[in-house]
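One letter stands for each residue in the lines below.
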Amino acid sequence: MRTMKYFLTAVMTMGLAAGLGVFWAADEAKPKYDIEEIMEKAHKPPKNSLFIQVKSGKANAEQKQQLLELYQELAKNKPPKGDIKDWQRRTKALVKAAKDVVDGKEGATQELARAAQCGACHKAHKGD
């Protein structure tokens, strides 16, 4: 009888731990910022935005890391309209380019500029 009690306690503990892990993973996948917040933080004001600072090579390491984080959060969001696979392709390119900038790879700022095609992305995915 005592063995059964320990067994049930172990099963319940494992179940609780697994359940908490699922909730934690689900919470981790939830974006920290919505698309509007990300655009505000990364791309406004247009002439001296975080994106422009990074693209022009004037950003410090902290600013580069901040842009990478914003683009990683952007990729976790769902687009208001358009094809989800296209959204994922575009955001993946942004994240990769921003990571390359953070890592100091040669040509990374040019790649970032190519990946950040604002008009094309807005046309395909921006809601009305």
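Look up: the structure comes first, before these words.
A. Spatial organisation of the overall build of the protein. Across its full length, the protein holds 7 helices and 0 strands. Ordered by position from N to C terminus, the α and β elements of the protein give α-α-α-α-α-α-α. In the protein, buried positions account for 27% of the 128 residues. In the protein, the share of contacts with a sequence separation of at least 24, taken over all contacts with a separation of at least 6, comes to 63%. For the protein, the exposed surface amounts to about 9,300 Å²; the carbon and sulfur share of it is 58%.

B. The side chain of Thr91, seen in detail. One can find Thr91 in helix 5 (residues 84-102). Those residues in contact with Thr91 that sit more than four places away from it in its chain are Leu74 and Ala75.

C. Spatial organisation of the state of the cysteines. Evaluation of the coordinates by the stated rule reveals 0 disulfides. Note on Cys121: no disulfide assigned, nearest cysteine sulfur contributed by Cys118 at a separation of 7.9 Å. Residue class for Cys121 comes out buried when judged on its relative accessible area of 19%.

D. Spatial organisation of the environment of Gln72. Secondary-structure assignment places Gln72 in helix 4 (residues 61-76). Overall, the relative accessible area of 34% leaves Gln72 in the partly exposed class. Residues Gln72 and Leu94 lie 22 residues apart in sequence; the distance between their C-alpha atoms is 8.4 Å.

Here is what the cut-offs are and how they apply
- Residues numbered from 1 in each chain as written.
- Predicted model: local features only at pLDDT ≥ 70, side-chain atom pairs only at ≥ 80, totals over all residues.
- Heavy atoms only, no water.
- Helix = DSSP H or I, 4+ residues; strand = E, 2+ residues; numbered from the N terminus.
- Buried < 20%, exposed > 50% of the residue type's maximum accessible area, 1.4 Å probe, protein only.
- Contact = heavy atoms within 4.5 Å.
- Areas by Shrake-Rupley, 256 points an atom, 1.4 Å probe, with all protein chains shown as cover.
- Disulfide = S-S within 2.5 Å.

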